[in-house]
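Residues per chain, in single letters:
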Amino acid sequence: MKKIILLSAVVCLFSCLATSCIKMMQEANEAEKVHMITVSYKVNAVTGFVPYNGEAEPDPTFQTKGLEVNFINYQEGSSFKATVGDNNIVSCSLTPGVYAVNVSGSVTSPKGTYRLNGSSLNVPFTKDITPEDVASNPEYTINIRPAKVGSVLFSEIYYCGVSPYYFRDQTYTIYNNGQEVFYLDGLCFAQLHPNIATTNLPSWPEEDGRENFVYGLVVWQFPGSGKQYPLKPGEAVVVAQEAINHTVNNPASFNNSMAEWECWSGNALRGNPDCPDMPYIFWWSPNKMQWLTSVFGAAFCIFRIDDAVVNKSYWEQPENWQVVIGPSSTRYAKIPADAVLDGVELLTSMSALNMKRIPGFVDAGGTSVETTYIGKSVSRKVIGKRADGTPIYQDTNNSTNDFQVNDSPAIRRDGQKIPSWSRANAL
Amino acid sequence: MITDMRKNMIKRIGCLALLMSSCFAAMAQTPVTPASVDRLKMESLWLRHTNNVAGAILDNPWHYALTDFEYQIEKGEFKRVQSGNDNNSFRFNTEGGGIYEALGGAYAWGEFHYDRSVLRGTKFNASLADPLRGMPYIIADPNPSKWINQNYSMQVKLASPLIWEQLILAVGATYENGIAAKQVDPRPKVLLSELSVNPAVVWTKGRHAVGADFVYLSHREDGAATNSNNRVPQMGWEMLFPGYFMEGEISSFGSITGLRNFNANGLGGGLQYGYEGPKFKIVASGKYRQTTENVTNSYTTPKRIGTTNKKEWTATAGAQFLINDRNSLFADYEYYNRNIDGIEYIQIFNPEFEVQEWIVYGKYIKSNYSTVNHNFGLDYMIWEEGCSDFSWKFGVNAQAQKLSDVYYLPESTQEVNNLLVKAYVKKNFVFGKRSSLLLTLEGFMNKNTDAEHNYGGYYESNVAYTQFALLDFYYLSSSYNGFTLDATYTISNIDRKQRTGVYVGASLNYVNPMSYKDYFDKRSTLLVKVGLAF
C-alpha cells in the first residue's frame, strides 16, 4: 500500500512538472517573428480639461499639422520621426515596442508665441494602427497643451551635492529670459512628485483626468505684495537650501551666501539669519531638518495661478490637493497645467529617460549630471546675448536639448545681472 | 538557512556517490587503470553515443572506479571575451560502476564532481555562472573582473537486468549545484541548480535492440549585481543580443536593476537502434530536446526581460569493427543542430495599487542563434590479448561547424564556418606487472572557412559592441592550431587485496591563433592530477 502511495505521489509530481513545463514551452512557441508595423496617432492641441479617457475637444486655434513627432524606443535606443499630416494624424513605420511619443514645435499668433510640446510615455505598439483605428479610439491620441513662451525660467540647478555626502549647498537660479519685467511676487516654486525618476509612476484618481495637473510635494512662494520684486530681462535670483559659504564646511563646495532667498524649513541650527526665508505654502509632511531634494535628481516647476489667491489656505481646500490611489494619505498639491511657466525634469542618468515622471508639457525631455556627490550642475545653453551682455538661453521646453552639464555650479553664470533690490549688491 | 540546507544535501549526495563508487570498485574483476577505463568507454557504444541508460546492459561494462584530484592553471588571451585570462581550478572527481551481480545483473553507475575555479580578467558578465551557455539576456559590465566559482555535480545511472530476456528498464538522473561570486562591482552572487531525470527502455531480440528515452530538465539560476561602493557609479548594459542593449547605471536607483532570475525547463526524448554481431556492432540514435528559459528581473514584480526557446536535434551513429582479437576500428558520426529563438516582450508596468505588475502587450522573436555541427571520427585501437587496457590508439576527428546569428530588426547578421581537424596517438607503456605509462599526443588545427559580420544596430561605437560583440566575432572566426601532451603514470595493486592502483598525470594544452593576432595571443593550460583506480 505504501509503495502504491509513493508511486502515485511520484507520478503526480512528475505530471505537475511536465504540465507546467509544456505550458511554458507552448507560450514560447506562440511568439511570432518580429516585423515592421505602421502606426498612426492623432495629435490634438487642447486648452481645456482632458478627461481620463483622453476624449477632449481640440482647440481649433492651434493647428498641429506640420509638427514633428518623434517616436522613441528607449529600451532599444531607436527613434523614428514623422510629421503630423491631415486631420492631425501622424503615421510612422517602426518596430514593435514601447515608445515615448514626443511632439515638438511652436506657433505664433496675435496672442504671442506658443510652444506646442507634449509627450505620451510608455505607449505599447504591437500591431498596425490605421487612421481609421485612430478616429474611433481616443487611446491613440496625444493631447498637447499650448504653452505661451514665458520669460522666467530655471537657468541653473545644482542638486547632486559634493563628496563626501554634502548636500546642503543645493541651489536654484531663476532667470528672466524675456523682454519684459517679470514680478516675482507670489510666484510659486514646486518640487514635484515623485521625487526620484521611476518606471513605477503614481496613479491619480480618474476625476483629475489626464495630464491636467502636475503634483507638488513642496511648494515655496516668493514673497511680495505685487510689484515688490521686479526681475528685469537679464536678471536672475538665486534660491538656496542653505545660503552660507559652504567651503567652510566642505572645501569642495562653494559659496552661495549671497542668495536672495533661503528655503528654510525650521531647523534653528541651520540657515543664514541674514538671508530672507522663502515661505513654503504647501508641504504635507515637512522635514524640519532641511529641504533636501533628491541628489539623484528631482523635478521642479515654477507656476503662477492667475485667477486665485494662492497661499497656505488655498492648498488646504480639498479640490486643490490630491492623494495617490492606494493606502497612503500623503497629500500633493494639484498644480494646473496651464499655470506652469517652466519645469525641469532631473534624472538619475540620461539613460533613465524611460523613467520620466512629469508630463511633456512641463518638460518634454530630461537632464542629468549622471551621478551623485560630484559637485556638478546643469544650466541652460546660451544661444545669444543682449546688448547689455546678458545671455539669451535656449528654451524649447525640452531640457534634454536645452541644458548642459557644468563641472561646478556658478552664481549668476554667463553674465546674468543682479536685481537692484537684491541683498547680493551689498555683499 | 537555505545555504546550510543546500550544503547538507550536497554533502549527503556526495557521500552517496562516493559510497557507490567504492561498492562497485569492490566488485571489480580486472586491474583498473586510466587506459583500461578509456578502452571500456570506447567500446561502450550505447553509453557513448546515446542518453539511453538501459543500453548499458547491452554494453556489459565491467566494474571500475576512478577518484582523482586535479589542479589546473590556464593563461592566455586567446579566449572568449567573457572568459578569464588567468584562471586556476581545483577539482575533485570520482566515478564508478558496472554490472552489479548482487542485484541480479543490474547496472549501477555514479559520479561526483567538485570544482572550485578562480577566473581573472573576465568582462561583460554580471549575471551568470557560465556566460557562454547560450543565454543572451544578461547584465554586462566593462570592468575586468575576478570570479570565484564553486560547482558540485553528480550523476546516477541505474538499469535493470534483462526482464523476460528482452526488456531493460532504466533511469538516469543528474543534479548540479553551484555558486559563483564576482569580486568587482557590480558584483552578483549567483546561485544555480539543475536537475534532470532520464527514464529509458530497451527492447532486445537476438542481435537487434531498439530503445527509447525521455528527459526532463529544470535549471534555476539567479543573482543580483550590487555595488559595495555606492559612490562610484557602475554603468552597464542590459543585453538583448551582441551589439543590442540598453545602457544605464546598475543600481537600485538606476535604470538597470541588478537582479536576473533565470528559470528553465526542458523536455526531450530519443530513439535508438543497436545491432551486435560477432565482428561488428553499431548504435544509431536520434534525439530532440526543447528547453525554454524565462528571464525576469524581480522576485516580487517580475518584468520579463526575455525568453530563449532552444530546440536541439542530434543524430548519432557509432560502430565498432572487430578486425581480430587484438585490433578494433571505431567510426562515429554526429549531426547536431541547435536553434535558439530569442523572444522579447512588450510590457508596461501597471502602477495601480490593486495591480502593481508588468502587463505583457506582445511578444516577438527578435533574434535567432543557430549552430550546426557535423562531426566525424575514426579511431583504431590495438591491445594485447587478455589485457583490459590498450597498447596503442590512433584517431582522427573532423568537425565542421556553422554558426549563424541574426537580430531581425534592425537587422544584424553573423555567420561563421569552421573546420576543426584533430589527430592523436596514445601509447600505453607497460612496465612489468604493476606499472604503466600512458602517453597521449594530440595535434589540432581549426581553419575558418568563411566569416561574415554585418551590424545594423544603433551602437556601432559603443564599447559593448566594439569590445564585446565584435571581439567575440573575431575569436569565433579565428583560425588556430595547437597540441595537447598528456602523460599518466599508474602503479597498480598497491593494496593487500591487489585491487587498487594509484596514478599521477600531467597535461599541457597549447593553442596558437593564426588570425587576428592584434587582438589575441596564445593560450596554454597545464593540468596535474593524482588519483586512485580500483
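The structure under discussion appears in the preceding block.
Keep in mind the model is a prediction, meaning the values are calculated, not measured.

Here's the deal with the overall build of chain B
- A count of helical and extended segments in chain B gives 5 helices and 21 strands.
- Taken over C-alpha atoms, the radius of gyration comes to 25 Å for chain B, in line with the 24 Å a tight globule of 534 residues would show.
- Considered along the principal axes of its C-alpha atoms, chain B spans approximately 75 × 55 × 40 Å.
- For chain B, buried positions account for 55% of its 534 residues.
- Within chain B, contacts between residues at least 6 apart in sequence are counted, and of these 68% link residues at least 24 apart.
- Within the structure as shown, chain B displays about 23100 Å² of accessible surface, and the carbon and sulfur contribution to it stands at 58%.
- A distance of 5 Å separates the average location of the 52 positive side-chain charges in chain B from that of its 52 negative side-chain charges.

A look at the environment of Pro286(A)
All names here are of chain A.
- Position of proline 286 relative to the elements: it lies in the loop between strand 20 (280-283) and strand 21 (299-303).
- Proline 286 sits in the partly exposed class, given a relative accessible area of 32%.
- Put simply, proline 286 and proline 202 are 84 residues apart on the chain and 20 Å apart in space, counted from C-alpha to C-alpha.

Overview of the nonpolar core
- Within the largest apolar cluster, 38 residues are counted, with the highest numbers of intra-cluster contacts made by Met135(B), Trp237(B) and Met239(B).
- Elements supplying a minimum of two residues to this core: strand 9 (235-241), strand 10 (244-249), strand 16 (392-407), strand 17 (412-431) and helix 5 (463-476) of chain B.
- Ranked by size, the runner-up nonpolar core spans 37 residues in total, among them Val162(A), Tyr229(A), Leu231(A) and Leu346(A).

Focus on helix 2 (residues 34-43) of chain B
- With 9 of its 10 residues buried, helix 2 of chain B lies for the most part within the structure.
- Looking at helix 2 of chain B, one finds that the buried residues are Pro34(B), Ala35(B), Ser36(B), Val37(B), Asp38(B), Arg39(B), Leu40(B), Met42(B) and Glu43(B).

Concerning unusual backbone geometry
All names here are of chain B.
- The step from aspartate 185 to proline 186 runs through a cis peptide bond, and the omega angle for that step is -10°.
- Tracing the sequence through the fold places proline 186 in the loop between strand 6 (167-182) and strand 7 (189-205).
- A cis amide bond, omega -15°, links leucine 409 with the succeeding residue proline 410.
- Position of proline 410 among the secondary structure elements: in the loop between strand 16 and strand 17.

Some words on the pairing of strand 1 (residues 64-76) of chain B
- Judged from the 12 bridges that link them, strand 1 of chain B and strand 2 (residues 86-100) of chain B form a sheet pairing that is antiparallel. Bridging from a neighbouring strand, Tyr71(B) pairs with Phe90(B) of strand 2 of chain B.

Some thoughts on the pairing of strand 19 (residues 480-491) of chain B
Residue and element names in this part refer to chain B.
- The side-chain alternation of strand 19 yields one buried face, formed by Tyr480, Gly482, Thr484, Asp486, Thr488 and Thr490, and one unburied face, formed by Asn481, Phe483, Leu485, Ala487, Tyr489 and Ile491.
- The pairing of strand 18 (residues 435-454) with strand 19 spans 12 bridges and is antiparallel. Paired with methionine 445 across the two strands is asparagine 481, which belongs to strand 19.
- Here 12 bridges tie strand 19 to strand 20 (residues 501-513), and the two strands are oriented antiparallel to one another. Across the sheet, residue alanine 487 finds its bridge partner in strand 20, namely alanine 506.

The rules we used
Residues numbered from 1 in each chain as written. Chains lettered and ligands numbered in written order. Predicted model: local features only at pLDDT ≥ 70, side-chain atom pairs only at ≥ 80, totals over all residues. Heavy atoms only, no water. Helix = DSSP H or I, 4+ residues; strand = E, 2+ residues; numbered from the N terminus. Rg over C-alpha atoms; globule rule 2.2 N^0.38 Å. Buried < 20%, exposed > 50% of the residue type's maximum accessible area, 1.4 Å probe, protein only. Contact = heavy atoms within 4.5 Å. Areas by Shrake-Rupley, 256 points an atom, 1.4 Å probe, with all protein chains shown as cover. Lys, Arg positive; Asp, Glu negative; His and termini not counted. Charge placed at Lys NZ, Arg CZ, Asp CG, Glu CD. Core = buried A, V, L, I, M, F, W, Y, C linked by side-chain atoms within 4.5 Å. Pairing = 2+ DSSP bridges.

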